[in-house]
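So the chains spell out like this:
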Amino acid sequence: MRRLKTSELFPGMVTAEDVYNFNDQLILPKGLVLNDKAITKLASYSVISVKIEDETVDAPAVSLPSGPSFSQRLRKSAEFINFQAEFENDVANFKSVINDVVEKGSPLDVDKLVNETLGCIKLCAKTPNFFDILHNMREYDDATYIHSINVALICNVFARWLRMDEEEISLATISGLLHDIGKTKIPDTIIKKPGVLTGNEFDVVKTHPEEGYRILQGSGLNPAILDAVRMHHERCDGSGYPLSLKGDEIGIYARMVSIADVYEAMTSARIYRGPLCPFQAIELFESEGLQKYDPGLILTFLENVVNTYLLNDVRLSNGDTGKVVFIHKEKLSAPTVQTNYGFLDLSQHPDITIEALI
């Protein structure tokens, strides 16, 4: 038995103790074989270290389909190549604009911000498989600027799913783009720390919504955007920060950004794991998030996200591969998958999950 930092864990390790959060809620039981989802759960609850058994359990052998996978074909498409080039240009421009505001005190020119940093929005609106493309661009590090662009793109699509008008779509998108601007005031030693933060370090990070709000005060931005920057870590059950707001006390765009922010973070690479499979992220939302997020918003988001992965090739936790052919509305994270052995309804087999898109 040994104690390891969460950043040192990897799939196959076995917990040697019940793991609780700071509120004494059970997070993971003793004897659990860790997978990417379990490790992500520990990090999301700010668990710093865990006792594990000395022996690990081998992961099941993986069988891969013959021929190029869906992801490989997508990466070679003109659609993906054009989006990636525009995305990289937008990230560079966004970083330049934000640095001028934060470091030089320059006024925030919203028109310039949108025109120079959201060129890929136009491509996003015309791309039916946008989430496939986003999932296949996870080789980038998780810098604040890249995360913010991704959240803005997700909010843009999310607003369209909600049938918002163009002004509302713009407010949602800019809210996503600026939600983490306060992190530019957090020391790099904390933001770029290669591991899970200490309690004191996490307290510093938790100041970024208020820091962002202060940076943007006086900018002339719509007050709803300022609310989104300040409230995007609030939760509908009152468990969020910095104000412990509940339900409709939280602005609509903040409620949208909170969902896009967490989804993007879960499906991005971390120092201690690769990107979490979207189906694993959806399962975490289903099991733990329905009380924390606006019910109408989270269900709309999850139903639309999961439908974007229909007909994707996937790898299952038992090592088999197949294609997603049917989504179950009552259990979005457990679709029916067509494998070499027939159709497998994962909602009837809770012991088998989707581990990865391939």
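The model shown is predicted, which means the values in this text are computed figures rather than measured ones.

(A) Representation of the overall build of the protein. For the protein, the helix and strand inventory stands at 15 helices and nine strands. Counting over 358 residues, the protein shows a buried share of 52%. Within the protein, contacts between residues separated by at least 24 positions form 64% of all contacts whose residues are at least 6 apart in sequence. On the protein, roughly 16,700 Å² of surface is accessible, and the fraction owed to carbon and sulfur atoms is 50%.

(B) Local environment of helix α7 (residues 144-161). A rise of 1.5 Å per residue sets the reference length of α7, with its 18 residues, at 26 Å; its end C-alpha atoms lie 25 Å apart and thus fit the reference within 8%. Across the 18 residues that make up α7, a large majority, 16, are buried. Arg 163 occupies a position one or two residues after α7 and carries a positive phi of about 60°.

(C) Examining the pairing of strand β5 (residues 313-316) more closely. One ladder, built from three bridges, connects β5 with strand β6 (residues 321-328); its direction is antiparallel. Residue Arg 315 lies in a different strand from β6, and its bridge partner there is Thr 321. A loop of four residues connects β5 with β6, the two strands running antiparallel in sequence, and Gly 319 in this loop sits at a positive phi of about 95°. Two elements, β5 and strand β9 (residues 354-357), share three bridges in a ladder whose sense is antiparallel. Within β9, the residue paired with Val 314 across the bridge is Leu 357.

(D) Here's a closer look at the confidence of the model for the protein. Confidence in the prediction of the protein, expressed as mean pLDDT, is 85, and 87% of residues score 70 or more. A low-confidence stretch, residues 59-66 (pLDDT under 50), is modelled with eleven contacts involving residues beyond four sequence positions or located in other chains.

(E) Up close: unusual backbone geometry. For the bond running from Tyr 241 to Pro 242, omega is 10°, close enough to zero to count as cis. By the element assignment, Pro 242 lies in the loop between α12 (223-231) and α13 (252-266). Although it is not a glycine, Arg 163 adopts a positive phi angle of roughly 60°. In this structure, Arg 163 sits in the loop between α7 and α8 (166-178). Overall, Arg 163 belongs to the exposed group, its relative accessible area being 78%. Phi at Leu 311 is positive, roughly 75°, even though this residue is not glycine. Residue position: Leu 311 is located in the loop between α15 (295-308) and β5.

(F) Just the side chain of His 208, in detail. Here His 208 is to be found in helix α11 (residues 208-216). A relative accessible area of 1% means that His 208 is categorised as buried. A distance of 3.4 Å separates a polar atom in the side chain of His 208 from a polar atom in the side chain of His 233.

(G) A look at the sheet that holds strand β7 (residues 331-339). Taken in spatial order, the five strands line up as β8-β7-β6-β5-β9 in an open sheet, and their pairing is antiparallel. Two strands lie at the open edges of the sheet, namely β8 (342-345) and β9, each paired on one side alone. The mean angle between the axes of side-by-side strands here comes to 45°, regardless of whether they run parallel or antiparallel. Where β7 meets β8, four bridges bridge the pair, whose relative direction is antiparallel. Bridge pairing links Thr 336 to Asp 345 in β8. Across the sheet, helix α14 (residues 278-289) touches β6, β7 and β9, and the angle it forms with β7 is around 145°.

What counts, and at which threshold
Residues numbered from 1 in each chain as written. Predicted model: local features only at pLDDT ≥ 70, side-chain atom pairs only at ≥ 80, totals over all residues. Heavy atoms only, no water. Helix = DSSP H or I, 4+ residues; strand = E, 2+ residues; numbered from the N terminus. Buried < 20%, exposed > 50% of the residue type's maximum accessible area, 1.4 Å probe, protein only. Contact = heavy atoms within 4.5 Å. Areas by Shrake-Rupley, 256 points an atom, 1.4 Å probe, with all protein chains shown as cover. Expected span 1.5 Å × (residues − 1). Pairing = 2+ DSSP bridges. pLDDT = per-residue confidence, 0-100. Polar contact = N/O pair within 3.5 Å; in protein donor to acceptor, adjacent residues only side chain to side chain. Axes fitted to C-alpha atoms, helices over the stretch in contact; angles between N-to-C directions.

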